[in-house]
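Each chain, letter by letter, is given below.
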There are 2 protein chains.
Amino acid sequence: MELTTAEENYLKAIYHLSEEGKKSVATNDIAAEMKTKPASVSDMLRKLGEKEVIEYRKYYGLQITESGKRFALQTIRKHRLWEVFLVEKLNFAWDEVHEVAEQLEHIQSPLLIQRLDAYLNYPKFDPHGDPIPDEFGDVRARPRVQLNEMEIDQTGQIVAVKDSSAAFLRYLDKVGAYIGARIKVLDKVEFDGSLEILVDQKKTLFMSKDVSANILVQQS
Amino acid sequence: MELTTAEENYLKAIYHLSEEGKKSVATNDIAAEMKTKPASVSDMLRKLGEKEVIEYRKYYGLQITESGKRFALQTIRKHRLWEVFLVEKLNFAWDEVHEVAEQLEHIQSPLLIQRLDAYLNYPKFDPHGDPIPDEFGDVRARPRVQLNEMEIDQTGQIVAVKDSSAAFLRYLDKVGAYIGARIKVLDKVEFDGSLEILVDQKKTLFMSKDVSANILVQQS
DNA sequence: TTTTCAAATTAGTCTTGGCTAAAAATATGT
DNA sequence: ACATATTTTTAGCCAAGACTAATTTGAAAA
């Protein structure tokens, strides 16, 4: 069975929205994510239901099926492999890759992905620190915490971001909080939850709670 | 102005069909090339005419405009750069690349193509020996040689004739050695300089030195 | 329990890019 | 020159994927 580009994008959005704890995903949320209208989403849900990549009972919400998860993970795998390629081989900045990868992920050629994976030396994480599913859809996740949940004097390494908008990534780049940076929490203001952190043992940096909640750290 | 994927494909086909000498391209030929029906082609020609990438007078044929040529060459450039990438970096065989490149050529990102070009070291020819237009659409043509000066196993494309008498052209037409034919030198007889050549990967043909000295080939 | 409201779905329309069948225009043969 | 054949275009239809407007449904408040 084959999915269209639009179907792949919807399924990916549904997969991501499912991950965040909730068992059922709202039509409105999908519409927001896809930048379409709820009416268009209803239509697509019916189609995805017919293709059995989601289990859909109208007005009651939906659940992604095992088959659907495999499709979504396959698309995510392609997206993240292309991101690695763009950064490692073509010297893209890590905040420039998303849009292009969004297009490249829909190229249909199993051989291409297999060869690309080998060429990149079977990477396990993309430039944002997100894990790359293997060809069977398995992921090795790293245990992570949000930076704002860390306590004073705790240390770790930035491994991913939650908000990967270009604006946010540019901000992080500017202040030197790149993926892989070693950080230490120097101070935490109880009042507003803002943090003072030390980056790579040299630069200190002041960060609001909103920003720190979007940074994922692997503690050490 | 932006072209859709379908429009890019039509324009590329029209560009290729135009190159082969004729000033006007037939609807039926485009349909054959695109594997669609003539009715669909008529429709698309109207749209391409409105976008002024071709000059279209119905029932009378069409001509590609300068603007159209630039679009077509841009697409061809992308296609051939991706072919080089697939062969040189991902170890595809030269006959496995076309379908994938056909998809990759529609990725929209000037930066991507610029970086890819640099990464591949600004190649001038694709794996099939076809020239890669530069970012302005200029092609560096391969130097031409007389067919009788070529060696065994060399390949190329017939680009011109020295003697353009009707009799000679009729002869060439009869044996299938038209302008644009891809040829390969299979054997060369030292004694009289006569040649055995393969035309378009299917027909073999014997040719005297006198004849071959009047045929100009662009090597690839 | 009813009423009210927000979320979701349906109905109907649009555009793109296909198709078939029919009509129109050009080309060809006698 | 005229009849026939071929090519091309038009007309009308279909599917995907978007939209707006209207309707239905489930949930929340009175």
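Cut-offs used in this document
Residues numbered from 1 in each chain as written. Chains lettered and ligands numbered in written order. Predicted model: local features only at pLDDT ≥ 70, side-chain atom pairs only at ≥ 80, totals over all residues. Heavy atoms only, no water. Axes fitted to C-alpha atoms, helices over the stretch in contact; angles between N-to-C directions. Helix = DSSP H or I, 4+ residues; strand = E, 2+ residues; numbered from the N terminus. Parallel < 35°, antiparallel > 145°, perpendicular 65-115°, else oblique. Contact = heavy atoms within 4.5 Å. Nonpolar A, V, L, I, M, F, W, Y, C, P; charged D, E, K, R; others polar. Domains from an automatic or database assignment. Buried area = accessible area lost by both parts, 1.4 Å probe. Salt bridge = Lys/Arg side-chain N within 4 Å of Asp/Glu carboxyl O. Polar contact = N/O pair within 3.5 Å; in protein donor to acceptor, adjacent residues only side chain to side chain. Buried < 20%, exposed > 50% of the residue type's maximum accessible area, 1.4 Å probe, protein only. Pairing = 2+ DSSP bridges. Near = heavy atom within 4 Å. Core = buried A, V, L, I, M, F, W, Y, C linked by side-chain atoms within 4.5 Å. Phe/Tyr/Trp six-rings, centres within 6.5 Å; stacked < 30°, edge-to-face > 60°. Lys NZ or Arg CZ within 6 Å of the ring centre and 35° of its normal. 1 Å grid on protein atoms, 1.4 Å probe; cavity = no way out; pocket = protein on both sides within 12 Å on 5 of 7 lines; lining within 4 Å. Points joined across faces, edges and corners; volume = space filled by probe spheres on them.

Trainee: Which residues make up the packing of helix H1 (residues 5-19) of chain A against helix H4 (residues 66-88) of chain A, and what are the values?
Mentor: All names here are of chain A. Running from N to C, H1 and H4 cross one another at 100°; their axes reach a closest spacing of 9 Å. In this view, H1 runs roughly perpendicular relative to H4, as classed from their interaxial angle. Of the residues in H4, those in contact with Glu8, Leu11, Lys12, Tyr15 and His16 of H1 are Gly68, Lys69, Phe71, Ala72, Leu73, Thr75, Ile76, Lys78, His79 and Arg80. Per-class residue counts for the contact of H1 with H4 are six nonpolar, four polar and five charged.

Trainee: Could you give me a rundown of the domain arrangement of chain A, with the residues and numbers involved?
Mentor: Much of the literature gives interface size as the accessible area that the parts lose upon coming together. Assigned domains within chain A: domain 1 (5-64) and domain 2 (145-219). Between the C-alpha centres of domain 1 of chain A and domain 2 of chain A the distance comes to 32 Å.

Trainee: Which residues make up the interface of chain A and chain B, and what are the values?
Mentor: At the interface, 20 residues of chain A touch 19 residues of chain B. In total, chain A and chain B occlude about 1700 Å² of area from one another, counting both sides; carbon and sulfur atoms represent 69% of this. Three residues, Leu90(A), Arg115(A) and Tyr119(A), lead the burial of chain A against chain B; their summed loss comes to 30% of the area buried on that side. On inspection of chain A and its partner chain B, the count reaches zero salt bridges. Counting every contact that joins chain A to chain B gives seven residue pairs in polar contact (both at pLDDT 80 or more).

Trainee: Help me get a handle on the pairing of strand E4 (residues 155-161) of chain A, residues and values and all.
Mentor: Residues and elements named next belong to chain A. Of all seven residues in E4, five are buried; the element is thus mostly enclosed. As judged from the three bridges shared by E4 and strand E5 (residues 182-188), these two strands associate in the antiparallel manner. By the bridge assignment for E5, glycine 156 is matched with isoleucine 183. Inspection of the sheet shows E4 paired to strand E8 (residues 215-219) by five bridges, in the antiparallel sense.

Trainee: Just give me the short version of the protein's contact with DNA strand C, but keep the residues and values in it.
Mentor: In the vicinity of DNA strand C, 20 residues are found, and the nearest of them are Ser42(A), Tyr56(A), Lys58(A), Thr4(B) and Ser40(B). Contact between DNA strand C and Thr4(B): a phosphate oxygen at 2.6 Å from a side-chain N or O atom of the residue. Backbone polar atom of Lys37(B) to a phosphate oxygen of DNA strand C: 3.0 Å apart, as the coordinates give it. The element contributing the most residues to the surface near DNA strand C is helix H3 (residues 38-50) of chain B, with four residues.

Trainee: Can you explain the nonpolar core? Please cite residues and give values.
Mentor: Counting 34 residues, the largest nonpolar core has Trp82(A), Leu86(A) and Leu86(B) as its most contacted members. Listed by contribution, the elements that provide at least two residues to this core are H4, helix H5 (97-104) and helix H6 (110-119) of chain A together with helix H4 (66-88), helix H5 (98-104) and helix H6 (110-119) of chain B. Once you skip the residues sitting within four places of it in the chain, Trp82(A) turns out to touch Ala101(A), Leu104(A), Glu105(A), Leu112(A), Ile113(A), Leu116(A) and Leu104(B). By size, the runner-up hydrophobic cluster in this structure holds 21 residues, among which are Val161(A), Leu169(A), Leu205(A) and Ile215(A).

Trainee: Account for the packing of aromatic side chains, naming residues and giving values.
Mentor: Tallied over the entire structure, the rule returns seven aromatic pairs over all chains. Aromatic side chains Trp82(A) and Phe85(A) sit 5.7 Å apart centroid to centroid with 80° between the ring planes, which places their arrangement in the edge-to-face category. Taken together, the positions of Trp82(A) and Phe85(A), both in helix H4 and three residues apart, correspond to about one turn of that helix. Judged by its relative accessible area of 0%, Phe85(A) is buried. Here the aromatic cluster, defined as three or more aromatic residues joined through ring pairs, consists of Trp82(A), Phe85(A), Tyr119(A), Trp82(B), Phe85(B) and Tyr119(B). When the ring centre of Tyr119(A) is taken as reference, the NZ or CZ atom of Lys89(A) above it lies at 4.6 Å. Over the face of the ring belonging to Phe92(A) we find Arg115(B), whose NZ or CZ atom lies 5.4 Å from the ring centre.

Trainee: Break down the protein's contact with DNA strand D for me, with residues and values.
Mentor: Around DNA strand D sit 20 residues, and of these Thr4(A), Ser40(A), Ser42(B), Tyr56(B) and Lys58(B) come closest. Taking all atoms of DNA strand D within 4 Å of the protein, the share assigned to sugar and phosphate is 75%. The separation between a phosphate oxygen of DNA strand D and a polar main-chain atom of Lys37(A) is 2.9 Å. Between DNA strand D and the protein, one listed contact pairs a phosphate oxygen with a side-chain N or O atom of Tyr56(B) at 2.3 Å. Those elements that place two or more of their residues in the surface near DNA strand D are H1 and helix H3 (38-50) of chain A together with helix H2 (27-34) and H3 of chain B. When residues of the surface near DNA strand D are assigned to their parent elements, the largest contribution, four residues, is made by H3(A). Among the residues making up the surface near DNA strand D, the classes are represented as eleven nonpolar, six polar and three charged.

Trainee: Got a sec to walk through the sheet that holds strand E6 (residues 195-199) of chain B? Specific residues and values, please.
Mentor: Residues and elements named next belong to chain B. Strand order in the open sheet formed by six strands is E3-E8-E4-E5-E6-E7, and the pairing between neighbours is antiparallel. Across the chains shown, the open sheet's two edge strands, defined by having one partner strand only, are strand E3 (144-146) and strand E7 (203-207). Neighbour-to-neighbour, the strand axes of the sheet open up by a mean angle of 40°, direction not taken into account. Note that E3 and strand E8 (residues 215-219) share three bridges and pair antiparallel. Along E8, the bridge assignment pairs glutamine 146 with leucine 216.

Trainee: Summarise the layout of surface pockets; cite the residues concerned and give the values.
Mentor: Gaps left between atoms show up when a probe the size of a water molecule is rolled over them. Looking at the largest pocket, its volume works out to about 2000 Å³. Lining of the largest pocket is provided by 50 residues; of these, His16(B), Arg80(B), Asp130(B), Gln157(B) and Arg182(B) occupy positions nearest its centre. When residues of the lining of the largest pocket are traced back to their parent elements, those giving at least two are helix H1 (5-19), H2, H4, H5, strand E4 (155-161), strand E5 (182-188) and E8 of chain B. If you tally residues by element for the lining of the largest pocket, the top one is H1(B), at seven residues. Residue composition of the lining of the largest pocket, grouped by class: 19 nonpolar, 16 polar and 15 charged. Residues lining the lining of the largest pocket come from more than one domain, with at least three contributed by each of domain 1 (5-64) and domain 2 (144-219) of chain B. Quantified by volume, the second largest pocket comes out at close to 1500 Å³. Sorting the residues of the lining of the second largest pocket by element identifies H1, helix H2 (27-34), H4, H5, strand E3 (145-146) and helix H7 (166-175) of chain A as the ones contributing at least two each. Residue contributions to the lining of the second largest pocket peak at seven residues, all from H1(A). Two domains each provide a minimum of three residues to the lining of the second largest pocket, namely domain 1 (5-64) and domain 2 (145-219) of chain A.

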